[in-house]
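Fold and contact review
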Amino acid sequence: MASWLGGLGSGLGQSLGQVGDSLSSLTGQISSFTKDILLEGAEEVGDAATELHVSNSRLREIESINAAQKFENDRLKKVCSDLEEKHEAAELQIKQLSLEYRNQLQQKEVEISHLKARQNALQEQLQKVQTAAQTAQLGAGVLPPATASASYVPGVRHSSGFEGDDMDFGDIIWSQQEINRLSNEVSRLESEVDHWKQIAVSSKVQGTNDAEQSEICKLQNIVKELKQNLSQEIDEHQHELSVLQDAHRQKLVEISRRHREELSEYEERIEELENRLQQGGVSTDAMDDSRITEQKKSAQSLQGGRVEELKVVKDIEDEIRQLNQKLSSAKAENKNLLKEQELSKLEKIQLAQDYEKLKYEFSVLQGSLAEHDALLNEQKKPQSKTSLPQDVVRLQQALSEAENEIARLSSLNQGLEKELMSAQHKHENILSSNTEDQNSELNQLRQDLERKQHELDESIAERETLIEELEELDKQNQEATQHMITLKEQLSKQHTETDSIIKQLKSDIDFERRKVSELETEKMKSIEELDSQKEKLSQCSYALNDLHITKQQLQDNIKNLQEQLRKAQDYNSHSKKEIEELQHRLKEREEEFRVSLNKLSEKSSEESNYAGQDLILKEREVEIAKLQSDISENKQLNEDLEKSLSNLRTENGKLMTTIEELKQELNDAISEKNKVCLEKDTVVEALKMEKKQLESELNQTEKRLLEQAHKYKQTIEELSKARSMDTTALQLEHERLVKLHQEKDFTIAELKNSIEQMETDHQETKEMLTTSLGGQKQLTDLLKEKEVFIEKYKNEALQVKQELEEYMKVSKKQDVLKQNLEEKDRSLAVMKEENNHLKEEIERLKDQQSRSTPVVEPKTLDIIIELESEVTQLKVIKNNLEEEIEFLKKTIEDQNQTAVKLQQSLQEQRKELDESKFQCEQMNVTHERLFLEKDEEIKNLQKTIEQIKTQLHKEKQIIQTDSSDLFQESKVQTLNGENGNEKHDLSKAEIERLVKGIKEREMEIKLLNEKNVSLSQQIDQLSKDEVGKLTRIIQEKDLEIQALNARVSSAFRQDVLSLQQQLQAYVREREQVLAVLSEKTRENSQLKTEYRSIMDMVAAKEAALVRLQEENQKLSYRSENSSQDMSRETIQNLSRIIREKDIEIDALSQKCQTLLTVLQTSSTGADNGSGGVNSNQFEELLQERDKLKQQVKKMEEWKQQVITTVQNMQHESAHLQEELHKLQAQISFESDSTSKLQVDYNGLIQSYEQNEKKLKSFSQELAQVQHSIGQLYNTKDILLSKLDLVTPSVAAASTVSQLSGVQYSPPEVPSDECKLLQNELEQLKKKLQEKESTIRTLQENNQRLSDSVATASEIERKSQEGTESELRQIKEKHDVLQKSLREKDILIKSKSDQLLSVSENLSNKENENELLKQAVTNLKERNLILEMDIRKLKEENERIVARCREKETEFRALQETNMQFSMMLKEKEFESHSMKEKALAFEKLLKEKEQGKTGELNQLLNEVKSMQEKAVTFQQERDQVMVALKQKQMESSALQNEVQHLHEKEQRLNQELERLRNHLLEMEDSYTKEALAAEDREVKLRKKVLVLEEKLLSSSTAVENASHQASLQVESLQEQLNLVSKQRDETVMQLTISQDQVKQYALSLANLQMVLEQFQQEEKAMYSAELERHQKQSTEWKKKAENLEEKVASLQESLEEANAALDAASRLTEQLDIKEEQIEELKKEGEIRREMLEDVQNKLMNLMNSTEGKVDKLLMRNLFIGHFHTPKNKRLEVLRLMGSILGIKKEELDQLLSEEQRGVTRWVTGWLSGGAGSKSVPSTPLRPTHQNIFNSSFSELFVKFLETESRPGLPPPKLSVHDMKPLGAAGTGKTSSTPSNSQMQDSAVSGMGRRPDVNPFLAPRSAAVPLITPASSSGHLLMKPISDALPTFTPLPVSPDASAGAVLKDLLKQ
C-alpha cells in the first residue's frame, strides 16, 4: 500500500512539476507580450514607411508568439486532461479503499466489542467460581490462596478513532495480532475456569447437577467462541484477498495510465509534425514583406509630390492598413478555428483511447485503419514522390508502434482478467473449504456428544454394580425398618433423578438450539458476504454510471464543437462580406484615381500654354506613372488578398470535412460505447446469475443443516424413549412390529399388484395417448372433411327442399309426360317403320339410278333433307325427354339409398346405445364395490391411527414436551407412510376405474372410427362409378322395397324419433364421458407422481431399516462384551473392597481400645483439674455431629441416585437384549422377504415368457377366426345371389306383361328386348356381386379382430344351419329371409364384440409385458440404490469401529478411575473408624464423668451410631463424586484436544497469511521493476523525440521551399480525402440504415411473435367458438334430420300414390289405343310422304339434267374436307375427282401431282386457312378392318359414304348413366326403349352436383348431327344405320336450291 501511494505521489509530483514549468513559461511570455504592447505606444514614427515596417515586424512577432502560445496551450491542455484522468482514477481508488477500510474498521470494532464482552463475562464467571470455592473452603475449614491470574485484567490497545483512509497493512497486521492476543487470553481464562470448576466440584457437594449444567453451558460457550474466532479469521483472510485484488487493480491502473501518457506524447509529436507541415503559409508572409518594401520605395519617390497626392496616398495606406488588420483578424480567426480543430482532434483521440481500453474488438478497427492507410497510400503515391516521404514513413511507424502498444495492453488486460478469475476461484475454494471445515467440526462435536453419552451409560452401569454390592452389605448390617425407610427415600429420589435427567436432556436440547443459532450466525455471515458482493456489484454499476456520464460529457463536447463550427461559419460569412465591401471600396478608389488622372490631364492641357511648365508636366507624368505602378501593386495586393480568401475558404472546407469526420468518429465511439455497455450488462447479468446460484446453494446447505439437526434431535429422542420404555411396552411394540411386518408384507404384495396394474395402466394410457393423438389427427381431418360435407349438405338440403317442391310438381307432370312418352313411343315405332320403308325405297331408287339414268326431279333431295332435319329435331326432343326421365330416376334411387342407410345407421346406433348402457351399469356396479372396499380400508386405517395415538399419549406421559414433539414428528412420518399405503390402495381403485373408462373410451373411439370409415367409404363409393351400377340394381329391387316400405312405414317413424332421442342422450353421455376421461387422466398423472414419491419413500425406509439392523447388531455385540467385562471387573473390585473393609474393622477395634486407655488417663487428670474441659469437648462433639449429619444427608442422596441409575441401567440392558432379539428376527424376516422378492421376480420373468407364447397362439387363433368369417361371408353371398335369381324372374314377368300390350310391333322386337333384358340382368348380377364383395371388405375392416377358435367354430355351425334353413325359407317366403339376415347381423355384431374383447385382452397382455419390462428396469435401479446404501453402511461401519476404539480407551480410563476410587474409599473408611473410636471414648468419658447426664449421653451415642451410618453413605457419595470428577476430566481433556486442533488451524491460517503477504511483496517488487523499465523507455522515447525535433528544425527550411508544391499536393490530397470521406460517410449511412433495418426486423420479429401468440389465442377462441357453432349446427341438423324424416314419411306416402299410379296402368292401355289411332294417322302421312318422295325424285332427275357443268360450293367444300379426312395413300384420287369436277385435263393433273403436290397443297392450305377452318370436324378413328376397303376407288367410297351417312347407326354399348358424357345441349344416349314403371317412382337425394365421368369406349361424334339409335332395322334406306367399316364424312345441311343432282351425275360418270 505504502509503495503504491508513494508511486502515485511521485507521479502527481512529476505532473505538477511539468505544469509548473509550463505555467512559468506562460507567465514569461505574457509579461513579454505586455512589455511589447506598452512599447508599441512609445514607438510611434512619423513616416508611413517606417510605420509599415514596424507594424509588419510586430505582426510577425505577434504571430510567432501566438504560435508558441498555441503550442503551449495544447501542451497544457493535454497535461490538464492527463491530470484530470489521474485525479479521477485516484479518487475512485481512494473511494474504494476508504469503503473497504471502513468496512474492515467496523468489523474489527465489532469483533473487539464482542471479545471485550466475552472477557467481562469470563471474568464474572471467574469471580463467581472463586467466591464459590472460597465459601466451600471456608466451610471445610481450609482457605486457599488467592490466585494472581484471576485478578489479572489485560489492558486492551484499541484505537477506534483512526481514519479509514490512512489505514495500511501494518494496521491490519496489528489488529490481527490483537485478535490473536485476545484469543490467547480467552483460552487462558477458559483453562482457569476449568481449574476453578474442578475445585468447586471437589469442594461443593450440594447442587452438583447445577454445577454440571453450568459447566456444560460454559463448554458450549467456549465452543461457540472458538467457532466465532474461526469465522472471524475466515473474514480476515477474505479481506486480505480483497486488499490484494485492490492492489492488483491499482497496479493495472498505473500501467494503463503510463501507457496512455506514452500514447498521448506520441500523438502530440505527430500532431506537432502535422501542424508544422501545414504551416506552409510562412512564405506568403515573405511575399507580403517584399510587397511592403516596394510600397516603401514608391512612397519615398512620391514624397516630393503634392499635398493632395500625399493625402490620396495616405488614404490608400489607411485602407491598406485596414485591409491588413482585417487580414490579420481573419488569420487569427483561422488560427482559432485550427485550435478548435486541434482541440476536437485531441478530444477524439482521448475518446478513442478510452474506448480502445474498454474494447476487445480493436482488431476490426486495425483492419479498417490498415485498409484506409492502403487507400491513402495508393492515392498519395503518385503525388507524394516530390513531397515528404520521410515524414510520412515516420508517421506510419509511429502509428504502427502505437498499435503494437495497444495490442500489448489488450493482451496484458486479458492476462490480468485471467488472474482475477483465478483469484475468484481461489476465493470460492477457500469459502468451500471453510464450510467443509465447519461441517467437519460439527461432525466431531456430534461424535464427542455421542462418546460422552456412551461414557455416561458405562459409568452408570459401574455405579449400579457398586451400589448393588454396597446395598447387599448394608442389608446384612442394617435392620428391616431402616431398609424400608431407605426404600421410601429411593422412591422419592427416583423422581428427583428423573427430573435431573430431564434437565440434562433440556440442556442437550438447549445446546442443539445454540448450535442452530450458531448456524444461523454463520448464515448471517454468509449473507454479509453476499452483501459485500452486492456492494461490489453496486460499485460496478457506479463505474457504469460514470461511463454514461463521460458519454454525456462527450455528447456535450460534440454539441459545443457544433456550436463553435456554426460560429466559425458565421465568421467566415462575415469575413466574406467584409472582403466584398473592401473590393467595392477598392473599385471606388480606382474610380477616384481615374478622376484625379483626368483632372491632372485637364490641368496639363490647361498648363500646356505655359512653356515654362514642361518640366513640371514631365515630373507629373513620372509621378502618374509611379501612381499607376502603385495602383498595379495595389491590384496585385488585392489579388493576393483574394487568393488568401480562397485559401481561407478551402481551409474552411477542410475544417467542415474534419468536423464531419469528427461527427462520424463520435458516432463510432458512441456505438462502441453502446457495445461496451451491452457487454457490461451481460457481465452484470452473469454476476446476478452467479449470485442467485450462490443463494440457492446457501439455502440448500441451510436445509441440509436443518435436516441434520432434525435427525440428531430424533436420535436423541429415540435414545430417551429407549431409556424410558419398559419391558411391557417393548413387548407390545414387538407384537405391533410383527403385525406391522405382516401388514407391510400384505401391502408389499398389494403394492406389487398395484405396480403391475399401474404399469399395465401406464402402457394402456400410453397407447391411449398415441391412439388418441392419431384419433385427434384423424378427427381434425374428419372435422375438416365434415365441415366440407356440412357445407355440401347445407347446399344439398336447400337443393333437396327445392327438389321436393319440384318433385311435387314433377310428379304431377310425370303423368302427363308418361302419356306423352307412350304417344311418342308409338309414333317412334311408326316412324321407325316409315324410316325402314324409306330406306328400302332409297335403295331401290339408287339401284334404279345405277342401272339407268332416268330423269329425277330435284325436289327429292330437298324432301330428304327436310326429313332428316325433322328426324334430328325429333331425336333432340326424345334425348331431352330421356335425360329428364333418367334424372328423375336417379333422384328417386338416391333417396331410396339414403333411406336404407339411415335405417342401417339407426339400427347400429341402437345397438351401440344398448352396449354403452350395459357398460355403464357394469361400471356403476364396480365403482360401488370399490367404494365399499375403500370405506372398509379407511375404517381399518382410522382404527390403527387411533391405536397409534393412544400409544403416543402413553409415551408422551413418560417423556417431556420437547422430546415428545420431535417423537411425534417421527411417528407422523410412519403414519404418512401408512397413509401413503392407503393412498396407494385408493389409487388402485381409481386406476381400475380409469382402466375401465379407458377401455370404454377405446371402444367408443373404435366404433366412431369404424363409423367414420364406413361413412367415408360409402361417400367415396357414391362419388365413384358404382353409383350408376347401384341405380340399376335398385331399379330391379324396387318391387321388393315397396313391399318392405309398406311394412316398415308404420314402425319407422316411432323408431326414428326414439333413435333421435337416444342419439341426443348418447351425445350428452359422450361429452360427459370425455370430461370424465380428461379428469381421470389428470388424476392418473397425479397418482403416478404420488406413486413415484411412495416408491422413493419405501426405498429410503428399506435402506434405513438395513442400516438400523446392522447398527443394532454391532451395538448388541459390543454391549454384551462390555457388560461381561464390566461385571467381571466389578466383582473383582467388590471382593477387594470387602477384604479391605475387614482389615479396617480390625484396625478400628484396636484404636477404640487405645482411646479408652487415653480417656481413663485423661479422666484422672481431669478430676484433679476443673470440669470446663468437658463442656468444650461437648461443644466440639456437637459441631462435629452437625457436620457429620450434613455429610450423611449428602451421602444418602448420592446413594439413592446411584441406586436409581443402577436400576435404569438394568432396565436398559434388558431392553437392549430384547431389541437385539427383535432385530435378529427382523433381519431373518427381511432375508425371507428378499428371497420371496427374488422368487416373484423369477415368476414375473416366466409369466412374461408365457404371455409372449400366449400372444403367438392368439395371433394364430385370430388368423383362423378371420378365415372362418370369410367362409361365413361366402355363404351369405350365395344366399344373396339366390335372392337375386328369384327377383329378376318377377321383373321379367312384369316386362312381358307390359310388352304384350304392344300389338303393332313386329315379332322380332320382343325377342331382342328379352335378350337385352337378360344381358342387363347378368350385368346387374355381376355388379351385385361386386357390391357385396365391397360390403364384405367393409365388414371385414370393421371386424378385423376376431374371437377365439372355439366360438368361431360354433358360429360356423350355427351359420351353416341358418343358411340351410334360410335356403328352405327363401323358396317359401322373403320375409323369413329378412329375419334370418337380421339374426346374422346380430351374430356378426356379437362376433365383433367378442373380437373387440379379444383385442382388448391382447392389448392388456402387451401392456403387462411392457409393465414387466419396466418392473425389471425398476428392480435394476433398486439394486443400484441398495448397492449405494451398502457402500454408505460400510462407511458407517468404519466410523462405528473407530468409535469402538475410542470407547475402549475410555473404558481403560474408567478402570483406572475405579482403582483410584477404591483407594479413596479406604482412606474414608479409616477416617470413619477414627471417628467411631472418638465416639466410643466420648461415651466412656460421659459415663464416668457425668453420671447425671446419662440421657444426653445416650442421645449422643445414638447420634454417633447414626453418624457412623451416614459416614458409610458419605463414602458412597465420595465414590460417586470421584466418578463424576473423572468424567469431567475426560470432557475437559476432549475440549483441550479441540482447542489444540483449533490452535493448529489458526497457525495454518497464519502461515497462509504470511505466504500471501510475501507473495504481495514480491508482486509489488516486480511491478516496481516494470515501472522503472517503463520510465527508462520514456527517457529513451524523449531522446528520440529530441532527435526528431532537431530533424524537424533542419527539414523546416526544406519545407518552406517546397511549401507551394506541398500546398498543391495537399489540396489534391484533401480533395481525394473528401471523396474518400464521402464514400466512408455513404458506407456509414448504409451501415446505419442496415442497423436500423436490423432493428426493424427484430421489432417486426417481436411483433410477429406477439401476433402469433395473439393468433394462437384467437385460434383457440375461434376453435371454441367453432365448437359451439358446430354443436349448435349439430342440434340444427338433428332438427333438420327430423324434418327430413317427416319428409321421408311424406315421400313414402307419395310412393304409395305411385303404387296407385301403377294400379292406373290399366288407363295406359286406353292411351295405347289412342296411340294406335295415331299410328294409323301416321301411316296415312307416310303414304303422303311417299308421294312427295316420288315428286322429289322427279325433281332430282330434272336437277341432274339442268345442273350439268355446274360445280356446287358445298360439294367442293365437302370434297376438300374429305380430302383431309382420307388417308394419305388415297388423297390423289380425291384430288383427281376435284380436277375432273373443275374440268382439268388428266395430263395437267398428273403434272401437278408429280410435283409433290406443292402448288395444290399451298393453295389448299391458304384456302383452308381462309374459309373452312370453322367447319372442320374430327374424323372417327380407323379400325384395322378398314384397310381392305381402301383398295376400292374413291367414287365408290364416296357413294357408300353418302349411304352410310344418311343411315342411322347401331345403338352404342349400354353403360351406366355416370359413364356417359353429354354432348353440349344434346343429352346422353338412350339407355332403354321400355323403361319400367318402377323407375318412375324412385327418388334420390344425392347425385346432383356430380358430373359423370368420360367413357373411354365411345368414339367422338360430330357435334353438328347427333346420332339416332332406333330399335328396329326396317324402314327407309336413308334411315338405315351407318356401317362401322366406312370412313364417315360430316354431312352438312344442303340448301334446297343447290344443284346436287348434277354433282351426283358427274360422280356416277366418273
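All figures in this text were calculated on a predicted structure; none of them were measured in a lab.

Calculation notes
Residues numbered from 1 in each chain as written. Predicted model: local features only at pLDDT ≥ 70, side-chain atom pairs only at ≥ 80, totals over all residues. Heavy atoms only, no water. Helix = DSSP H or I, 4+ residues; strand = E, 2+ residues; numbered from the N terminus. Buried < 20%, exposed > 50% of the residue type's maximum accessible area, 1.4 Å probe, protein only. Contact = heavy atoms within 4.5 Å. Areas by Shrake-Rupley, 256 points an atom, 1.4 Å probe, with all protein chains shown as cover. Patch = residues over 30% accessible without salt bridge, like charges linked within 9 Å, V, L, I, M, F, W, Y side chains within 5 Å. Salt bridge = Lys/Arg side-chain N within 4 Å of Asp/Glu carboxyl O. Lys, Arg positive; Asp, Glu negative; His and termini not counted. Charge placed at Lys NZ, Arg CZ, Asp CG, Glu CD. Phe/Tyr/Trp six-rings, centres within 6.5 Å; stacked < 30°, edge-to-face > 60°. Lys NZ or Arg CZ within 6 Å of the ring centre and 35° of its normal. Expected span 1.5 Å × (residues − 1). pLDDT = per-residue confidence, 0-100. Core = buried A, V, L, I, M, F, W, Y, C linked by side-chain atoms within 4.5 Å.

This brings us to the overall build of the protein chain. Of the regular secondary structure elements, the protein chain holds 30 helices and zero strands. Considering the protein chain as a whole, with its 1950 residues, one finds that 35% of them fall into the buried category. Long-range contacts, defined here as pairs at least 24 residues apart, represent 94% of the contacts in the protein chain between residues at least 6 apart. Within the structure as shown, the protein chain displays about 114,000 Å² of accessible surface, and the carbon and sulfur contribution to it stands at 56%.

Let us now look at a positive patch on the surface. Where like charges cluster on the molecular surface, the positive patch consists of K794, K801, R1669 and K1680. Going through the elements one at a time, α12 (727-851) and α22 (1603-1703) are the ones with two or more residues in the positive patch. Relative to the helices and strands, K1680 is located in helix α22. Its relative accessible area of 31% is what places K1680 among the partly exposed residues.

Glancing now at a negative patch on the surface. There is a patch of like negative charges on the surface, built from E1710, D1713, E1717, E1720, E1721 and E1725. Inspection of the secondary structure assignment puts E1721 in helix α23 (residues 1705-1746). The partly exposed category is assigned to E1721, whose relative accessible area is 49%.

Within this structure, the stated rule accounts for one aromatic pair. On the numbers, 6.4 Å between centres and 20° between planes, the contact of F1760 with F1764 is stacked. Here F1760 and its partner F1764 are both found in helix α24 (residues 1753-1765), four residues apart, which amounts to about one turn of the helix. Relative accessible area serves as the criterion here: at 32%, F1764 is assigned to the partly exposed category. The residue whose ring lies beneath K1680 is W1677, and the NZ or CZ to ring-centre distance is 4.4 Å.

Compared with an ideal rise of 1.5 Å per residue, which puts 13 residues at 18 Å, α24 spans 18 Å between its outermost C-alpha atoms and is within 8% of the ideal. Buried within α24 are the following residues: L1754, L1755, M1756, L1759, F1760, I1761, G1762 and H1763.

Let's shift gears to the confidence of the model for the protein chain. Overall, the predicted model of the protein chain reaches an average pLDDT of 78, with 78% of residues at or above 70. Below a pLDDT of 50 lies the segment residues 1290-1310, which in the model reaches nine contacts outside its immediate sequence neighbourhood of four places, other chains included.

Judged by nonpolar contacts, L1755, M1756, L1759, F1760, V1774, L1777, M1778, I1781, F1834, F1838 and F1841 together constitute the single largest core of eleven residues. Listing elements by their share of this core, those giving two or more residues are α24, α25 (1771-1782) and α28 (1834-1846). Aside from chain neighbours lying at most four places away, what touches F1834 is L1759, T1766, E1773, V1774 and L1777. Judged by nonpolar contacts, the second largest core, of ten residues, contains V223, I234, L445 and L1542.

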